[in-house]
Amino acid sequence: MAVQRYHGKFLTMKAAKYLGPGAVMLAAVLWAIDGLLRQNLSDVPAFQIILLEHAIGAVVFLPVLIRGWKEVTAMRERAWISVAWVSVLGGIVGTVAYTKALSYVDFIDLSVVVLIQKLQPLFAITLAAIILKEKLTKRFLIMASVALLGGYLVTFGANSIGEMSEKTMVASLLAFVAAFAWGSSTVLGKHALKRLSFFTLTALRLWVTAIVAGTVFLSLRNRSDLFALSSNQWITILIIVFSTGSVALFIYYFGLKKVPAGHSAIYELFWPFTAVIFDWVLKGSILQPMQILGAMLLLAVSITLPRESQTDNS
């Protein structure tokens, strides 16, 4: 019996070791599905989508926020700055830019938009160097250059910038903006998790994002009717909230709480891989050889950069 109890405890500990990485990878897969869902909302203003999904998610997670209110009231200024950054840059700017980029689906492949997001580790580590005064080595600068080259090839293939259409350029730029917003949010999200549980951070982020987005939306003169959506569009938004949006965010923060931010960037590689597979199976969109090369460079650097950061900090 003692042997069986020990063996069972060992298996439980071993399973727990993979719980954090598994959660981040599951969130990444859900985000890949999210890209497909948001393409069905290409006729809806991106800001309207963000407001609705966060407002609904905030209501769903209200009991969680109430339960963790003591954590919120105990937060200091730096923690609030982290939450504000994650909520506004990650929740609004990054998501609006990404959603808007996906609206150009006729001019750029979904897999390209998603693969550009693999510049996130580059932005995350660079921001950590600026804020935390971490040293940037020559090796880092070389890898950063390779990442930028990979991002260029993924976006433009063997063509030059001058040969790209205006809408392709806009979609690519929006994807880069989203990569910066989300890459920086990873760093500050990890900082916020030092003060908050993943339950409370998820709920607080949804509420702050919903309040800021609602304030901006109400200040717009030519705003659209917030609730003027078709039944199919409402269904898509609800699916996003309860799968690839608020729920995926909750799963992600659960995993991020258990793994280093650098490791999280590696596990998130399941996002582009899944997106490429979906784009290939569902739409027959196959990347050009030069784009595949760029994707390989981008993914390789995304794996190496977090290790470089950890080496510098050791």
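Residues numbered from 1 in each chain as written. Predicted model: local features only at pLDDT ≥ 70, side-chain atom pairs only at ≥ 80, totals over all residues. Heavy atoms only, no water.

Caption draft 1: Broad picture of the nonpolar core. Grouped together as the largest cluster of nonpolar side chains are 58 residues, with contacts concentrated most on Val83, Leu204 and Tyr253. Ignoring any residue separated from it by four or fewer positions in sequence, one finds leucine 204 in contact with Leu65, Val72, Met75, Trp80, Val83 and Leu196. With 15 residues, the next largest nonpolar core counts Leu37, Leu51, Ile92 and Ile240 among its residues. (Core = buried A, V, L, I, M, F, W, Y, C linked by side-chain atoms within 4.5 Å. Buried < 20%, exposed > 50% of the residue type's maximum accessible area, 1.4 Å probe, protein only. Contact = heavy atoms within 4.5 Å.)

Caption draft 2: The pattern of salt bridges, seen in detail. Across all of its chains, the model carries 2 salt bridges by this definition. One salt bridge in this structure joins arginine 38 and aspartate 34, with 2.4 Å as the shortest N-O distance. Residue arginine 38 and its partner aspartate 34 are both found in helix 2 (residues 19–39); the two are separated by 4 residues, about one turn of the helix. Side by side, arginine 38 and aspartate 34 carry an identical accessibility label, which is buried. Residues arginine 38 and glutamate 53 are paired through a salt bridge, measuring 2.8 Å at the closest nitrogen-oxygen approach. Taken together, the residues arginine 38 in helix 2 and glutamate 53 in helix 3 (residues 46–60) connect sequence positions 15 residues apart. Both residues of the pair, arginine 38 and glutamate 53, belong to the buried class. Within this structure, Asp34, Arg38 and Glu53 form a network of salt bridges that share partners. (Salt bridge = Lys/Arg side-chain N within 4 Å of Asp/Glu carboxyl O. Helix = DSSP H or I, 4+ residues; strand = E, 2+ residues; numbered from the N terminus.)

Caption draft 3: Layout of empty space enclosed by the protein. Enumeration over the complete set of coordinates arrives at 2 cavities of 30 Å³ or more. In this structure, the largest cavity occupies an estimated 470 Å³ of space. Around the largest cavity, the lining comprises 24 residues; the ones closest to its centre are Trp31, Gly90, Trp182, Arg205 and Leu249. Contributions of two or more residues to the lining of the largest cavity are made by helix 2, helix 3, helix 6 (77–102), helix 10 (166–192), helix 11 (198–219) and helix 13 (246–258). When residues of the lining of the largest cavity are assigned to their parent elements, the largest contribution, 5 residues, is made by helix 13. (1 Å grid on protein atoms, 1.4 Å probe; cavity = no way out; pocket = protein on both sides within 12 Å on 5 of 7 lines; lining within 4 Å. Points joined across faces, edges and corners; volume = space filled by probe spheres on them.)

Caption draft 4: Broad picture of the environment of leucine 122. Residue position: leucine 122 is located in helix 8 (residues 120–132). Classification of leucine 122 as buried rests on a relative accessible area of 7%. Linking leucine 122 and alanine 144, residues 22 residues apart in sequence, is a C-alpha distance of 6.6 Å.

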